[in-house]
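One letter stands for each residue in the lines below.
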Amino acid sequence: MTTIPIPGMLDPHVHLRGMQWAHKGTFASETEAALAGGYWAVLDMPNTPPSTIDRPALERKLAEIAAQALCDWGLYYGAAKADNWGTYPAIIDDVCGLKIYNNATTGNLLIDDQAIRAQHYQHWPRSKVIAVHAEDETMRDILALVRQYRQRTHFCHICTTYEIGLLRAAKAEGLPVTLGVTPHHLFLTEDDIKRLGTHGLMKPPLKTRADQAALWQALADGLVDVVESDHAPHTLAEKSSEKTYYGVPGLQTTLPLLLTAVHEKRLPLERAVALVSANPRRIFGLECPPDTYTLVDLGESFVIDSAWLRGGCGWSPFEGMRVRGRVRSVSIRGTQVFDGESVRVRPGFGQNLFGKR
Ligand code: NCD
Ligand code: ZN
Ligand code: ZN
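Parameters at a glance
Sequence order as written defines residue numbering, which begins from 1 separately in each chain. Note on labels: chains are lettered from A, ligands numbered from 1, in written order. Given that this is a predicted model, residues contribute local features only at a pLDDT of at least 70 and side-chain atom pairs are listed and counted only at 80 or more, while totals for whole chains, interfaces and linings are drawn from all residues. To obtain the side-chain values, all non-hydrogen atoms of the structure were included, while hydrogens and water were left out. Strands here are runs of E lasting at least two residues and helices are runs of H or I lasting at least four, both read from the DSSP assignment and numbered beginning at the N terminus. The globule rule is 2.2 Å times the number of residues to the power 0.38, and the radius of gyration it is compared with is taken over C-alpha atoms. Relative accessibility under 20% of the residue-type maximum defines a buried residue, over 50% an exposed one, and the middle range a partly exposed one, all with a 1.4 Å probe and only protein chains included. Surface accessibility in these figures is a Shrake-Rupley result with a 1.4 Å probe; residues are shielded only by whichever protein chains are displayed. Just so you know, the count uses Lys and Arg for positive and Asp and Glu for negative, and it drops His and the chain ends. Charge placement uses NZ in Lys and CZ in Arg. For Asp and Glu, CG and CD serve respectively. DSSP calls a pair of strands paired once it identifies at least 2 bridges connecting them. Here a crossover is taken to be right-handed if, once the strands point away from the viewer, the path from the first strand over the helix to the second is traced clockwise. Just to be clear on terms, a salt bridge is a Lys or Arg side-chain nitrogen sitting within 4 Å of an Asp or Glu carboxyl oxygen. Distances up to 2.8 Å from the metal define which N, O and S atoms are donors, and 3.2 Å serves for Na, K and Ca; water is absent from the atom set, so sites may look incomplete. Under the classification used here, a metal with four donors is tetrahedral if each angle lies between 85 and 135 degrees, square planar if opposite donors are over 155 degrees apart and the others between 65 and 115, a six-donor metal meeting that same test is octahedral, and anything else is irregular. In protein, a polar contact means a hydrogen-donor-capable atom and an acceptor-capable atom, both N or O and within 3.5 Å, with residues adjacent in sequence counting only if both atoms are side-chain atoms; elsewhere, any N or O pair within 3.5 Å suffices. Contacts were defined at the residue level, with two residues in contact if any of their heavy atoms lie within 4.5 Å. Only C-alpha atoms enter the line fits that serve as axes; for helices the fit covers just the stretch in contact. Angles between N-to-C directions range over 0 to 180 degrees. If you view the pair so one helix is near and one far, a crossing is left-handed when the near helix is turned anticlockwise from the far one by less than a right angle, and right-handed when it is turned clockwise. Under this grouping Gly is polar, as are all residues other than the nonpolar Ala, Val, Leu, Ile, Met, Phe, Trp, Tyr, Cys and Pro and the charged Asp, Glu, Lys and Arg.

## Comments concerning the overall build of the protein chain
Argument step 1. Check the secondary structure of the protein chain and you find 13 helices and 12 strands.
Argument step 2. Here the C-alpha atoms of the protein chain give a radius of gyration of 19 Å, agreeing with the 21 Å that 2.2 N^0.38 yields for 357 residues.
Argument step 3. With the principal axes as the frame, the protein chain shows a C-alpha extent of 55 × 45 × 45 Å.
Argument step 4. For the protein chain, the proportion of its 357 residues judged to be buried stands at 59%.
Argument step 5. For the protein chain, the exposed surface amounts to about 13300 Å²; the carbon and sulfur share of it is 51%.
Argument step 6. Positive and negative side-chain charges of the protein chain, numbering 38 and 39 respectively, have mean locations separated by a distance of 2 Å.

## So, the pairing of strand 3 (residues 41-44)
Within a regular strand, the side chains alternate between the two sheet faces.
Argument step 1. Of the two faces of strand 3, the one lined by Ala41 and Leu43 and the one lined by Val42 and Asp44 are each fully buried.
Argument step 2. Sheet analysis places strand 2 (residues 10-14) next to strand 3, joined by 3 bridges and oriented parallel. Of the residues in strand 3, the one forming a bridge with Asp11 is Val42.
Argument step 3. Each parallel crossover has a hand, and the one from strand 2 via helix 1 (residues 27-36) to strand 3 is right-handed.
Argument step 4. Where strand 3 meets strand 4 (residues 72-78), 4 bridges bridge the pair, whose relative direction is parallel. Note that in strand 4 the partner of Leu43 across the bridge is Gly74.
Argument step 5. Crossover connection from strand 3 via helix 2 (residues 55-68) to parallel strand 4: handedness right-handed.

## Some details on the pattern of salt bridges
A side chain with one charge may pair with a side chain of the opposite charge, provided their charged atoms come close.
Argument step 1. Applying the stated criterion across every chain yields a total of 17 salt bridges.
Argument step 2. Where Lys171 meets Asp225, a salt bridge forms, and the shortest distance between an N and an O atom there is 2.8 Å. Remark: Asp225 occurs in the loop between helix 9 (209-220) and strand 9 (226-227) and Lys171 occurs in helix 6 (residues 161-173); sequence separation between them is 54 residues.
Argument step 3. Overall, Lys171 belongs to the partly exposed group, its relative accessible area being 26%.
Argument step 4. The shortest N-O distance in the salt bridge between Asp192 and Arg195 comes to 3.0 Å.
Argument step 5. A relative accessible area of 16% places Asp192 in the buried class.
Argument step 6. Through salt bridges that share partners, Asp297, Glu300, Arg326 and Arg328 make up one connected network.

## Focus: the sheet that holds strand 7 (residues 153-155)
Argument step 1. Read from one edge of the open sheet, 8 strands run 2-3-4-5-6-7-8-9, paired in parallel fashion. At either end of the open sheet lies a strand with only one pairing partner, and these are strand 2 and strand 9.

## Digging into the coordination of the zinc ion (ligand 2)
Argument step 1. The protein atoms that coordinate the zinc ion (ligand 2) are His133 (ND1) and His157 (NE2), at distances spanning 2.0 to 2.1 Å.
Argument step 2. Bound by 4 donor atoms, the zinc ion (ligand 2) shows angles of 53 to 143° at the metal and therefore irregular coordination geometry.
Argument step 3. In this structure, the zinc ion (ligand 2) lies 3.8 Å away from the zinc ion (ligand 3). Here the residue His133 occupies a position in strand 6 (residues 129-133), and His157 occupies one in the loop between strand 7 and helix 6, the gap between them amounting to 24 residues.
Argument step 4. With a relative accessible area of 2%, His133 lands in the buried category.
Argument step 5. With a relative accessible area of 3%, His157 lands in the buried category.

## Here we look at the side chain of Glu135
Argument step 1. In this structure, Glu135 sits in the loop between strand 6 and helix 5 (138-149).
Argument step 2. No salt bridge is formed by the buried Glu135; its nearest oppositely charged neighbour, Lys207, is found at 4.8 Å.
Argument step 3. In terms of polar contacts, Glu135 uses its side chain to reach the side chain of His133, at 2.8 Å.
Argument step 4. Excluding its chain neighbours within four sequence positions, the residues that come into contact with Glu135 are Asn103, Glu163, Lys203, Pro204 and Pro205.

## Some words on the packing of helix 4 (residues 114-123) against helix 5
Argument step 1. Relative to each other, helix 4 and helix 5 sit at 35°, their axes nearing to 10 Å. In this structure, helix 4 crosses over helix 5, and the sense of that crossing is right-handed. On helix 5, the residues that touch Gln114, Arg117, Ala118, Tyr121 and Gln122 of helix 4 are Thr138, Asp141, Ile142, Leu145, Val146 and Tyr149.
Argument step 2. In terms of residue class, the contact of helix 4 with helix 5 is built from 6 nonpolar, 3 polar and 2 charged.

Have a look at this one:
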């Protein structure tokens, strides 16, 4: 048995739901999935209604997550279609960063007007990161804003050879950019959609084997900064219905999938660990609190099944896969919060890593 400690695991891209989408998942249920996945902390996106684009919506979300969270957390603010940059000075101390949705996805925060995007880039305080959903050609528009305003920008869920090429060039140019890739784009391709059906639908969609190979190459050569789950639960009933719901859960499966790649010698252990801990912490300026670490057994393998899954939705696109790496324990600030089977703290234990409160 080889058990190793991983300090302060952080997932900088999750959709915990709650509020008007509490039927999909709650801050309690999804932070339990985070602990079972080994995470110390998660950063939650602003697209759950009511969208986090004004002070009252932020207050409501802060109150709900503070009462329920089992792990530490931060909240993104959302860029609105209409002017909400006037609110930035009043919210900046309470959030981890700004999220701008530049292509259609779950929620109603799409901004496709470059002049509006530019206003957000101009007004956002430079102390915190801007994270963007920008697929394919849209990335060029965002890179133009990064070049003009020099705002630190994190590109979420990068998944094609073309996108990797753009960011390789942007980094070579010295632009302040970072990028994340998701486990579903690393471990699944469009060939899996036939088998997965609607469970294989998310934004951006699954790509080709050639795109997948480019992602693994970019992980190996150090271009990729983080692996982010983009945990986006929808209920089984929704996912099986006529209407299309984009998004898949991932908080509990990210670490075992990466450790399986380590076991198969597709990725060095140190790099896999950095992608889910030190690297995301560095991007968001977070220090690992004292005595905050995950113990994971690298030797044990198991099959992902619905009975093992925590969180509200109860399904995963990775069901049936044999993976390696069992989370044995998670400790946060000296308290054991998860013992491999059970959560050992009450809802509300988790702290806001960015708020003054
Ligand atoms: C996300 C969601 O459901 O909130 N969906 C998805 O398919 N990834 C939104 C997003 O990250 O684009
Ligand atoms: Zn997105
Ligand atoms: Zn997302």
